[in-house]
Amino acid sequence: MEKTRREFLKTTGLGISLIATSRLWSNNLFAALTLEKGNNMNEEYFGFTKEDLKKLLAFGLSKGADLSELYFEHTIANSVTMSEDIIKSSSQDIALGVGTRVIHGNQTGYAFTNELTFESIKNAMLTAASIAKSKPKIIKANLEQLTTKSKIYDLSTPFAHANLQDKIELIKTAYNTALKYDSRIQKVSVSLLDNLQQITIANSDGLIISDTRPQMRIGISVTAEDKGKRGTSFASEGGRFGMDFKNAKTPQQVAETAASEALILLEAENPPTGEQIVVLSKDQSGVMIHEAVGHPLEADANWKKQSIMWDKMNQMVSKPFVTIYDDATIPYYRGSLAIDDEGTITENVLLIENGKLVGFMNDRLSAKIMNTKPNGHGRRESYKHIPIPRMNNTILAQGEHDPEEIIKSVKKGFYAVSYQGGQVSNTGKFTFSCNLGYLIEDGKLTKPLKNATLIGTNVQILNEISMIGNDIGFFLGTCGKEGQSVPVTCGTPTLKIDKMTVGGAI
Amino acid sequence: MKNNQLIDLSENLIKFAKSKGAHEVQISINTNNDFEVQIMNQEIEKLNQSNPTELNLKIIIDKKVATASSSDMQQNTLENLIINTIERAKLSSQDDFAGLPEKEEITFNTEQLEIFDPKILKIKPEEKIQFAKKIEKIGLDNPKIKVSTGSYYATSHGQNYLINSNGFQGFYEYTVCYAGGGFQSGEDDNLVEDYWSESHVKLSEMKSPEYIANKAIERVLRMIGAKKVKSQVVPVVFDPLMSASLLGFLVQCITGSSIYMKRSFLVDKLNTKIASEIVNIIDNPLLPAKIGSRPFDAEGVASKKINIIENGILKNYLLDTYSARKLKMKSTGHASGPGNLYLQQGHATPEEIISSVKNGLYLTKTIGQGTMPTTGDISKGAYGIWIENGKLTYPVAEITFSGNLADMLNNITMIGNDLEFRSSINAPTIQIDNISISGT
């Protein structure tokens, strides 16, 4: 036991020194690491045998809790940034640790440790177990290794194993594309972030499952300057794929998007304010679905009766042509996962079907409290965090209208294009901050507009949707909740909202 | 890990990095002992207790930089991390502005900062649980409160150790205790919510559960029945949390990297008038027993008091070593952001400020991002209480306030006498004229 534990850690350590230097060696590393998944010959998990894990889980039940759980994580995260014509720096962050969780009724005890020794994990588990105060329980089942769906991630050319030189080339291409786009482009910065996360989850219900998850994101920020005016824009692409980018936008395309938006912003004016017709373009408006509909449908806000949706199950909450779902299984998407962070296999979860509320996104605990089944939405930022219900890829389903037709139907209104992000309170009030929009006049897009805030209340906004486009686009985001950040996407077609407040300078 | 172990480990790693070819090395190690309990409906909802350790590393070779961090503290991993960081540094571009700060003696006695209170380490878990339960109970006992959004009590004990190859060695130890709670009220789907929280480095400064609960309850109940108002341009009175949040946007605009990247409307504005002459903004990380107090920053540059805005004139940007060199200035010790930044208080009471407004908004909460340092544009969702003839009248919500920070700083007409140090950015009540409100 002791020997293999060191072996694992040595592999980890070796990998670190190899990532930058040799692609061949890092492929070997990858083979060694994926051994954890599927064909785990010696059944070793982060250096521990199943027997060790069972003993550790038993400590979690020693005070009579309902469930004990181990969450092992090893993540290597890399970043490289280029600005002012040079590669300024690169960084590499290693996270290794194990989180121990004990659930007793509605209560959760949690502790984690960075030291992967039996003693340290045992102490963490006993700390977590201290929330329970009754007779010890025994583990219900043997740990049976489950395997995950394989199509969610592209692990053939992970960024985490790519040569740093190759990544630098990719960054330079994007940088130069943006800088040379126009002489008014003054400053460009490009960042490439990637990580490779490996987890093993075991619990006292007999579950043991592992997952290896790649993630990458390239972000490009561009500042244009002309006649004393300045504008800054940001564009990005990313997902759970590797250096071959799959069907994603190329770094050049991302650079062109950012550069053209920065130039348009030079001409942009403040929007007409007050209540008006708003058309949300497909590209990034998913952020509205995420804020206005997604958060209120996370199960924890509902069993606590904090969300205004808590008592509306099976009721009409929207127009009958609105369907909203969260699908964690879309291949290579930023928010996709094969299993959630409690080991539940993910699925496509229907939330609002033809206007009727039909589902919440839940984790094990909220599913138990609400007397339903977990549906794969228990997520956590890292081994340091307690899993809570979160979104993955939240989508408003396509409709039947041509986007052109939607714009043509508006005599005067606001067309929203890109966003800094959004925020929602439990009570359903939400805002999203629009970086670029256009004025709609007589069915045509005219003047570019900036610095607008769209504000509303979720139930009302769902009932103000009057047309849904037959197109779709996705916003790539990082969602923060209770201090935990997780990668998500949100998708929407072009949407016409009959009445919404647009805020801006008067 | 114990202090001497930390010192030994980091000294050995510096030697190891130098032996592998690093020219300059900086290592910091942070260890924490954290406890947090969250209460929901008078039961423990979550209890989290842990001792994380993290090492941060910066390596420079021929003015080329690479950084790394690890929570895996095994010698073997850390040595490999160093080797790899050296390899990565070689692939960065040469940057003449890169490098560790020049060596400087820290003369300040860390103990005078009073940021470590051993009493916080002695609070029993049961006392923390009871404290948090009490906050929630006071709210739940109030007939107008419908739902608890939870209460909490947390403590943190941290140790920061920083060493670099220029001979800098610094250590400090700190404590913080946090408590807070939030509630909802309202009718049907027209719900309102708010919370109150306190964080202090000294246990004796922590407020009582009654104080915290009553603050939160007051903030919730005054919002019941909130409605929209019509779009108009009015004076806005910012409560202290809102003034501090506006200063937070200013901090983004005066941070060194925003200046040399030209992503701020305050580029080239040093020593010019950017605000009303009644505005004085200071950062003093050396104030004793405050949440942002620190003897040195993340690069080991000694903390000092600096004037940021003096009688409306911009006197300093917030600089780390790199941005200072880029701008041909000196580091202000802000590699870790603001310390205890504050807007100096005036003489008016908050009531006097409110009573000076004929028709306007008392702003108590905002929602959303909506800040653009490049232009100074700001636009956020807003909540508050409408002021008519100098009196607070009805609550308002689902409106936005918008403006430009450049104008807003010049339009500050009154500053309150109610400055309290609550976080690393602090301000009293202020009044700003001519702000756009959008509603119906």
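These numbers come from a predicted model, not from an experiment.

Caption draft 1: Structural context of the overall build of chain B. Within chain B, the regular secondary structure consists of ten helices and 19 strands. Relative to the compact-globule value of 22 Å for 440 residues, chain B shows a C-alpha radius of gyration of 24 Å, a close match. If one aligns the C-alpha atoms of chain B with their principal axes, the spans along those axes are about 70 × 55 × 35 Å. By the burial criterion, 54% of the 440 residues in chain B qualify as buried. The contacts of chain B with a sequence gap of at least 6 include a subset with a gap of at least 24, amounting to 72%.

Caption draft 2: Quick look at the pairing of strand S10 (residues 306-310) of chain B. Residue and element names in this part refer to chain B. In this sheet, S10 lies alongside strand S9 (residues 281-283) in antiparallel orientation, the contact comprising three bridges. Bridge pairing in S10 links Asp283 to Ile306. Pairing between S10 and strand S11 (residues 313-314): two bridges, direction antiparallel. When the sheet's bridge partners are listed, Ile309 is paired in S11 with Leu314.

Caption draft 3: Spotlight on the sheet that holds strand S12 (residues 341-343) of chain B. The sheet built from five strands is open, its strands ordered S11-S10-S9-S12-S18 (chain B) with mixed pairing. Single-partner strands in this sheet number two, and they are S11 and strand S18 (425-426) of chain B.

Caption draft 4: Main features of the interface of chain A and chain B. Every contact between the two is made by 76 residues of chain A and, on the other side, 66 residues of chain B. Tallying contributions element by element places strand S4 (residues 86-104) of chain A first for the side of chain A that touches chain B, with twelve residues. Residues that form the side of chain A that touches chain B fall into these classes: 25 nonpolar, 40 polar and eleven charged. As paired elements, S4 of chain A and strand S4 (residues 64-70) of chain B share four bridges and run parallel to each other. Within the sheet, the bridge partner assigned to Gln92 of chain A lies in S4 of chain B and is Ala68 of chain B.

Caption draft 5: Summary view of the packing of helix H4 (residues 125-140) of chain B against helix H5 (residues 209-221) of chain B. Residue and element names in this part refer to chain B. Between H4 and H5, the least distance of the axes is 8 Å, while the angle of their chain directions is 40°. Judged by the inter-axis angle, H4 sits oblique to H5. Crossing handedness for the pair H4 and H5: right-handed. Along its contact with H4, which presents Phe131, Lys134, Ile135, Ile138 and Gly139, the element H5 presents Pro209, Glu210, Ile212, Ala213, Asn214, Ala216 and Ile217. Of the residues belonging to the contact of H4 with H5, the class tally is eight nonpolar, two polar and two charged.

Caption draft 6: A look at the domain arrangement of chain B. Residue and element names in this part refer to chain B. Looking at chain B, the domain boundaries give domain 1 (116-158 + 172-221) and domain 2 (232-438). Computed from C-alpha coordinates alone, the two centres of domain 1 and domain 2 are separated by 26 Å. Facing seven residues of domain 1, the contacting portion of domain 2 comprises seven residues. Of all the secondary-structure elements, those providing two or more residues to the side of domain 1 that touches domain 2 are strand S6 (169-187) and strand S7 (190-200). Tallied by class, residues from the side of domain 1 that touches domain 2 come to three nonpolar, one polar and three charged.

Caption draft 7: Focus on the packing of helix H3 (residues 50-60) of chain A against helix H4 (residues 118-129) of chain A. All names here are of chain A. Here H3 crosses H4 at 30°, and the two axes come no closer than 7 Å. Judged by the inter-axis angle, H3 sits roughly parallel to H4. Here H3 and H4 pass one another in a crossing that is right-handed. Contacts between H3 and H4 involve Asp52, Leu56, Phe59 and Gly60 from the former and Phe118, Ile121, Lys122, Met125, Leu126, Ala128 and Ala129 from the latter. Classifying every residue of the contact of H3 with H4 by side-chain character gives eight nonpolar, one polar and two charged.

Caption draft 8: Structural context of the environment of Lys18 of chain B. Residues and elements named next belong to chain B. Looking at the element boundaries, Lys18 is found in helix H1 (residues 3-19). With 14 C-beta atoms counted inside 10 Å, the residue Lys18 sits in the partly exposed group. In this structure, the C-alpha to C-alpha distance between Lys18 and Ser165, residues 147 residues apart in sequence, is 8.5 Å. Each residue touching Lys18, except ones within four places of it in the same chain, is listed here: Val25 and Ser165.

Caption draft 9: Local environment of H1 of chain B. All names here are of chain B. Taking 1.5 Å of rise per residue, the 17 residues of H1 would be expected to cover 24 Å, and the 24 Å separating its terminal C-alpha atoms lies within 8% of that figure. Residues of H1 that are buried include every one of Leu6, Ser10, Leu13 and Ala17, and no others. Down the axis of H1, the buried side of the element spans an arc of 60°, and every buried residue falls inside it. The outward face of H1, more than 90 degrees from its buried face, is lined by the exposed residues Asn4, Gln5, Asp8, Lys15 and Ser19. Residues of H1 that are buried sit in contact with strand S1 (24-40), strand S3 (53-61), helix H2 (75-91) and strand S5 (147-164). Positive phi appears at Gly21, one or two residues downstream of H1, with a value of about 115°.

Caption draft 10: Expanded view of the sheet that holds strand S22 (residues 484-492) of chain A. All names here are of chain A. Taking strand neighbours across the sheet as the criterion, the six strands line up as S13-S12-S11-S16-S22-S21 in an open arrangement whose pairing is mixed. Bordering the open sheet on either side are strand S13 (356-357) and strand S21 (473-481), each of which pairs with just one other strand. Strands strand S11 (324-327), strand S16 (393-396), S21 and S22 of the sheet are contacted by helix H7 (residues 286-294), whose axis makes an angle of about 115° with S22.

Caption draft 11: Geometry of the domain arrangement of chain A. Residue and element names in this part refer to chain A. For chain A, the assigned domains are domain 1 (2-264) and domain 2 (274-503). Each of domain 1 and domain 2 has a C-alpha centre, and these two points are 25 Å apart. Secondary-structure elements contributing two or more residues to the side of domain 1 that touches domain 2 are strand S3 (67-83), S4, strand S5 (107-113), strand S7 (185-203), strand S8 (207-226), strand S9 (229-239) and helix H6 (251-267). At six residues, the largest contribution of residues to the side of domain 1 that touches domain 2 is made by S4. Split by residue class, the side of domain 1 that touches domain 2 holds 13 nonpolar, eleven polar and ten charged.

Caption draft 12: How the structure looks around unusual backbone geometry. Even without a glycine there, the phi angle at Glu482 of chain A is positive, about 45°. With respect to the helices and strands, Glu482 of chain A occurs in the loop between S21 and S22. Judged by C-beta crowding, with 13 C-beta atoms within 10 Å, Glu482 of chain A ranks as partly exposed. Not every positive phi belongs to a glycine, and Gln42 of chain B is a case in point at roughly 70°. The topology assignment puts Gln42 of chain B in the loop between S1 and strand S2 (43-50).

Criteria and thresholds
- Residues numbered from 1 in each chain as written.
- Chains lettered and ligands numbered in written order.
- Predicted model: local features only at pLDDT ≥ 70, side-chain atom pairs only at ≥ 80, totals over all residues.
- Helix = DSSP H or I, 4+ residues; strand = E, 2+ residues; numbered from the N terminus.
- Rg over C-alpha atoms; globule rule 2.2 N^0.38 Å.
- Buried ≥ 20, exposed ≤ 12 C-beta atoms within 10 Å, placed from the backbone.
- Contact = placed C-beta atoms within 7 Å.
- Pairing = 2+ DSSP bridges.
- Nonpolar A, V, L, I, M, F, W, Y, C, P; charged D, E, K, R; others polar.
- Axes fitted to C-alpha atoms, helices over the stretch in contact; angles between N-to-C directions.
- Parallel < 35°, antiparallel > 145°, perpendicular 65-115°, else oblique.
- Left-handed = near helix turned anticlockwise from the far one by under 90°.
- Domains from an automatic or database assignment.
- Expected span 1.5 Å × (residues − 1).
- Arc of directions from axis to C-beta.

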